[in-house]
Amino acid sequence: MTDSDRHEHEAAELVRPYVITGGRSLPGESQFSLITLVTAVADQQQRPARLSPEEQDLLRMCVGGYLSVAEIAGHIQLPVGVVKILLAALSEAGYLVTRPPETRAPVANLQILEEVLNGLQSKFG
C-alpha cells in the first residue's frame, strides 16, 4: 500500500460518518443511552423512500420489536455515536418509538430485611 493509498483510506474513514449523519451532532445522553430501547412505529406505509440506506436498515431492523441502542450498533456495524444520531433523526421524524431505561429501584433497607428474616425463622424454625 502506497502512502497516497493509505491517506485516501484514512480520509474515507474520517469522512464517512460525517456523510452518513448529514453533519448532525450527537443527541443528549438523556435521549439515547446504550440501553434505551427502540422500535419502529406500527404504520409502515408512511416511510418515505428518501431515507438513506443506513436509515432504511435501521428501520427494517427495528420492525420486529424493541432493541437496545447497543444491539442496533452491533448489528449494523456502525459506531454508536453515528447510530444515536440516525436514531434521533428517525425518532424526531416519527418513524421510531423509544423507551428510556427504567430508573434503578432504591436499595432495600438491610435492617428491615434482617427483621423479616428473623420473623420467618422464629415462625418456621
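See the structure above.
Definitions and limits used
Residues numbered from 1 in each chain as written. Predicted model: local features only at pLDDT ≥ 70, side-chain atom pairs only at ≥ 80, totals over all residues. Heavy atoms only, no water. Salt bridge = Lys/Arg side-chain N within 4 Å of Asp/Glu carboxyl O. Helix = DSSP H or I, 4+ residues; strand = E, 2+ residues; numbered from the N terminus. Core = buried A, V, L, I, M, F, W, Y, C linked by side-chain atoms within 4.5 Å. Buried < 20%, exposed > 50% of the residue type's maximum accessible area, 1.4 Å probe, protein only. Contact = heavy atoms within 4.5 Å.

J.: Teacher, can you tell me more about the pattern of salt bridges here?
T.: If charged atoms from side chains of opposite charge come close, those side chains can pair. Scanning the model with the defined rule gives one salt bridge in all. Among the ionic pairs, Arg60 bridges to Asp57, the shortest N-O distance being 2.5 Å. Of the two residues, Arg60 and Asp57 are both situated in helix α2 (residues 53–62); the distance of three residues between them amounts to about one turn of the helix.

J.: So what exactly am I meant to see when it comes to the nonpolar core here?
T.: Soluble globular proteins tend to pack their nonpolar side chains together in the buried interior. If you look at the biggest cluster of nonpolar residues, it comprises 21 residues, and the most contacted ones within it are Val38, Leu58, Ile72, Val83, Leu87, Leu90 and Leu96. For this core, the secondary structure elements donating two or more residues are β1 (37–40), α2, α3 (69–76) and α4 (80–92). The biggest single contributor to this core is α4, with six residues. Not counting chain neighbours up to four residues away, the residues in contact with Leu96 comprise Val38, Thr39, Ala40, Val41, Leu59, Cys62, Leu87, Leu90 and Ser91.

Coordinates in, geometry out; function isn't part of it.
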